[in-house]
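Here is what each chain is made of, one letter per residue.
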Amino acid sequence: MMTSRDARGVVPAMAVPLTCFLTVLFALSSWGSFTSTRFPYLGPILVAGLLVVGTGISARLLRVHDAVVVLLQVLLGTIATGLLVVQHPFPVTGGGRARVTAEMTEAYVAFNPFDLPMSGSEVAPYLIPGGVAAVLLADVLAVSLRRPPMMGLVVLGVFTVPFSIIGAGGWGGVSWVVFALTAISFLVMLRLDRAQQLSRWGRRLDDDLPVVPAAGPAVIGVSAVVIALLTPAWLPSPNVSLPGLGPGDGDGPLRVINPTVGLYDDLRRQSDQVMVSVTPVYGDTETPPSYLRVGALTKFTGTEWTSGNRDVPSDHSGVATFEPPMSDATLLGDPTTYQLRASAKFQSTWLPIFAHPLEVTARGPWRYDEDTLDFMSTEGRDQTVAGQSWRMTAAPVEPSQERLLAAGDPGVGAPPGMTDLPLLPDEIEEIALERTAGQDRPFTKAVALQNWFRHSGEFTYSLERDVGSDSAALLDFLTDNKVGYCQQYATAMAVLARELGIPARVAFGFLGGDQDEDGVWQFRGRDLHAWPELWFEDIGWIRFEPTPAAADTSEPGYTTGALGNARNEPDAPVPSAGTSVAPVPNRPQREAPETPEVADTGTEESNAGAVWTGLGIVALVGLVALAAPAVIRRRRRTTRLAGDAEAGWSELGDTAIDLGLPWTGTRSPREEATGLAPHLQDREPMLALQRIVAAVERNRYAEHRDTAAIGDDVRLVSAALREHADRRARRRARLWPASVFRRPPAPASDGPVARSERELISS
């Protein structure tokens, strides 16, 4: 067992690295601004950091070269970080690199500095490697390079991260507790390092010498921590407003471009490119999301539907919280938080959101209209949603038919102007009244209109015929050709609803997307769609689906069966001669696979194999570390036994230390031999010990150095010491020699120096 005297060399070797690690860990707690709890990233950093620091301490005690120490730390730190973040030990190999790329991409998409704190798992792929790198860099500066004050640069870098991303407001999440703990730990590290440096000079000769080192390290430490904390407040932040590039000014009306221009062309192209990716983050992550609404058209001019003039105040920014439009919270389903990202192909000045948003967080020059909750760019085509990421929380509306049937007079509580119409042909109003005859409630009238378009068999879905949207084309669509695509059906039902006094608007966006293997919902160009939304008292805007069933659409559940229409929707009728129907409506139909899907276990097996390989490497390194002291001890013994008297004396001392016998390394040879003598019971080992002492004294103090080898005598004495030691001490000396971890004593004055002093005195 290692004695307290033996531990004197181990404790100083651990003090500076551990306090350095503790300092960085305290500083890293400032990254709690990014997450709701610190443990999801501090826990893995603690595990990987202890491995890095422990590797450094062990390797330095084994007197491994500093360059090799750093390489070992990098290797083991990388393996540990890979296992903790992506469950793969080699992030630089093909499989590991793919997993790292996927994790980093997902974390980048999820990260939003305007929506903090976030879940720890979302930003862990960035925080954990960054934290482990900070621990490694600090250990290299403070211990390997022996420049502890320079470790303040690492603290500066760690504190800069929340400041530069979040901003200086509220200290960027850095509390005074974190500052105080970091400063105290940093000063303790400097104090321990100075004490360790002073200890190399040996024992103090005067007890009156100051115990505390000079004030220099304290001044350096305090200055470094203060600079690390305060400097980021003056650093530039990403959200800097420059003239002409900010979110705009003034409270006047915001003119927006008609977003339906080009919708028909986009539908015709049936693009398979992903326009918007939606990742469920919290809440119901299993249920497919509803239609993704880009915007709403609220004004019918008689020739087209437009967004109208919007009065959007400057304080209606892209970061907003909304109250549900209805007083009865039971009408809302469970809220779900989504992370959305638009592709570079989606050049829209409108920000897609789900219906009934509760919270929206979008960076950039976005403002929302309070009446429609449309988010629009204040810079027009100069700033689109392409390549942008944003986050929102929405709750689906789940009103029952009974509640909708009980809705009061149409228009109660609706935004103004939602029933306005220009002068239209009288036939359009007559059609509205005819198709809703016998219905006395707003909801049943709306369902009757939807059923007429969707279930009567009179209308046909087709992308081959652009019938226009003015009043003449609308009347022709309702009476004669009755062939069109989603925009015609949505605008026609909205106009008829307004003719009946029901507030209506046309929404446009995407049908429900497709889910990939990672659970991300992808909305493609072929998913573009338009649909009407009608307002009901104390419920708000409700979606309807008049587009025929052949368009791969489905009517809302609260409308099914309201007037006796069955859930088994009939196929759309075959068009009359001369009219071509798009064989593939809004979305291309996918052919069923010929063979059943088989779960791909190859990736899981390879990942499991990689994890076991990484754990095997860590175990192998651990075994090597356990065996290293014994190997190092044998190599030292072989070298010393072939050397001079000083080498043999060092070998004898290490043997005594390994066996737990008294040996200080600071006493004279005769005093050390006196401590070993009681453990030698035979005459020959006693005589050999006397010869060893005499050779060492001649080598140190004689005018001419004694170069005679004493290896045989050292072997004899060492064997005798081991023979009379107990079995436990012999086993410990062989497997875990304590001398390997012992700090070597200050070297004795070598021969030439001693001789020069002697000659000076004699002269």
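Along each chain, numbering runs from 1 in the same order as the chain's sequence is written. Predicted model: local features are reported for residues with pLDDT of at least 70 only, side-chain atom pairs are reported and counted for 80 or more only, and whole-chain, interface and lining totals are derived from all residues. Heavy atoms from the whole structure form the basis of all side-chain values; hydrogens and water molecules are not counted.

Draft legend 1. Expanded view of the overall build of the chain. In this text, helices come from DSSP runs of H or I with a minimum length of four residues, and strands from runs of E with a minimum of two, each type numbered from the N-terminal end. Looking only at helices and strands, the chain features 21 helices and 21 strands. Residue burial in the chain is summarised as follows: out of 763 residues, 47% are buried. Here the contacts in the chain between residues at least 6 apart in sequence split such that 75% fall between residues at least 24 apart. For the accessible areas, the method is Shrake-Rupley and the probe is 1.4 Å, while residue cover comes only from the protein chains on display. Per element, the accessible surface of the chain, about 36900 Å² overall, is 57% carbon and sulfur. Each residue is assigned to one of three classes by its accessible area relative to the maximum for its type, calculated with a 1.4 Å probe on protein chains only: buried under 20%, partly exposed between the two thresholds, exposed over 50%. Contact between two residues is taken to exist if any of their heavy atoms lie within 4.5 Å; hydrogens are not considered.

Draft legend 2. The arrangement of the nonpolar core in detail. The biggest cluster of nonpolar side chains holds 80 residues, and the ones touching the most others in it are V276, F453 and F536. Sorting elements by how many residues they give to this core places helix α14 (residues 486–499) first, with 9 residues. When near neighbours in sequence (up to four residues on either side) are disregarded, V276 contacts L292, L340, R341, A342, F346, P352, W390, F510, W521, Q522 and F523. Nine residue types can take part in a nonpolar core, namely buried Ala, Val, Leu, Ile, Met, Phe, Trp, Tyr and Cys, and a core is a set of them joined through side-chain atoms within 4.5 Å. Ranked by size, the runner-up nonpolar core spans 46 residues in total, among them C20, I45, A80 and L136.

Draft legend 3. Local environment of the pairing of strand β3 (residues 292–297). Within β3, 6 of the 6 residues are buried, leaving the element largely enclosed by the surrounding structure. The pairing criterion for strands is at least two bridges between them, as found by DSSP. With 2 bridges connecting them, β3 and strand β10 (residues 353–354) associate as antiparallel partners. Counterpart to L292 in the pairing with β10 is F354. Bridge analysis of β3 against strand β17 (residues 504–510) gives 5 bridges, and the strand direction is antiparallel. From the neighbouring strand, A296 faces β17, where its bridge partner is A507.

Draft legend 4. Representation of the packing of helix α2 (residues 39–61) against helix α3 (residues 66–86) in the model. Remark: α2 packs on α3, axes separated minimally by 9 Å, with the N-to-C direction vectors making an angle of 160 degrees. The angle between the axes of α2 and α3 places the two elements in the roughly antiparallel class. Here the hand of the crossing between α2 and α3 comes out right-handed. For the pair α2 and α3, the contacting residues are P44, V47, A48, L51, V52, V53, T55, G56, A59 and R60 in the first and V69, L72, Q73, L76, G77, A80, T81 and L84 in the second. Angles shown run from 0 to 180 degrees and are taken between the N-to-C directions of axes, each axis being a line fitted to C-alpha atoms and, for helices, limited to the stretch in contact. With respect to orientation, any angle under 35 degrees is reported as roughly parallel, any angle over 145 as roughly antiparallel, any angle of 65 to 115 as roughly perpendicular, and every other angle as oblique. Crossing chirality is assigned from the near helix's rotation relative to the far helix, an anticlockwise turn below a right angle marking it left-handed and a clockwise turn marking it right-handed.

Draft legend 5. Representation of α14. Relative to the 20 Å expected for 14 residues at 1.5 Å per residue, α14 spans 20 Å between its end C-alpha atoms, a close match to the ideal helical length. In terms of burial, α14 is largely enclosed, as 14 of its 14 residues are buried. To estimate the expected span of a helix, subtract one from its residue number and multiply by 1.5 Å.

Draft legend 6. Inspection of the sheet that holds strand β8 (residues 336–342) at higher detail. Across the sheet, which stays open at both edges, the 7 strands sit in the order β7-β11-β14-β8-β2-β19-β18 with antiparallel pairing between neighbours. Pairing within the sheet leaves two strands with one partner each, and these edge strands are β7 (319–321) and β18 (514–515). Across 3 bridges, β7 lies against strand β11 (residues 357–362) in antiparallel orientation. Directly across from T321, in β11, lies its bridge partner E359.

Draft legend 7. Layout of the packing of aromatic side chains. Here the aromatic set is Phe, Tyr and Trp, taking the six-membered ring for Trp, and pairing holds for ring centres within 6.5 Å; pairs whose planes are under 30 degrees apart are stacked, those over 60 apart are edge-to-face, and all others are tilted. Here the structure, examined in full by the defined rule, presents 23 aromatic pairs. Look at W535 and W541: their rings are 5.5 Å apart centre to centre, the planes differ by 80 degrees, and that puts the pair in the edge-to-face class. Of the residues examined, W535 reaches a relative accessible area of 10% and is grouped as buried. Their ring planes at 50 degrees and their centres at 4.8 Å tell us that W649 and W663 sit as a pair that is tilted.

Draft legend 8. Expanded view of the side chain of E672. Tracing the backbone through its elements, the reader meets E672 in helix α17 (residues 669–676). Overall, the relative accessible area of 0% leaves E672 in the buried class. Only 2.9 Å separates the side chain of E672 from the side chain of T664, close enough to count as a polar contact. The residues touching E672, leaving out its near neighbours within four places in the chain, are W649, P662, W663, T664, G665, T666 and R667. A 3.5 Å cut-off defines polar contacts: any pair of N or O atoms within that distance qualifies, except that in protein one atom must be a possible hydrogen donor and the other a possible acceptor, and neighbouring residues in sequence count only when both atoms are side-chain atoms.

Draft legend 9. Region of the structure containing the confidence of the model for the chain. When pLDDT is averaged along the chain, the result is 75, and 71% of the positions lie at 70 or above. For every residue, the pLDDT score states the predictor's confidence, bounded by 0 at the bottom and 100 at the top. Mean pLDDT per element in the chain: strand β1 (residues 253–254) is the minimum at 32, and helix α11 (residues 426–435) is the maximum at 94. Note that pLDDT drops below 50 for residues 204–214; the model gives that stretch 6 contacts with residues more than four away or on any other chain. The low-confidence segment residues 566–607, where pLDDT is below 50, has 58 contacts with residues more than four positions distant or belonging to other chains.

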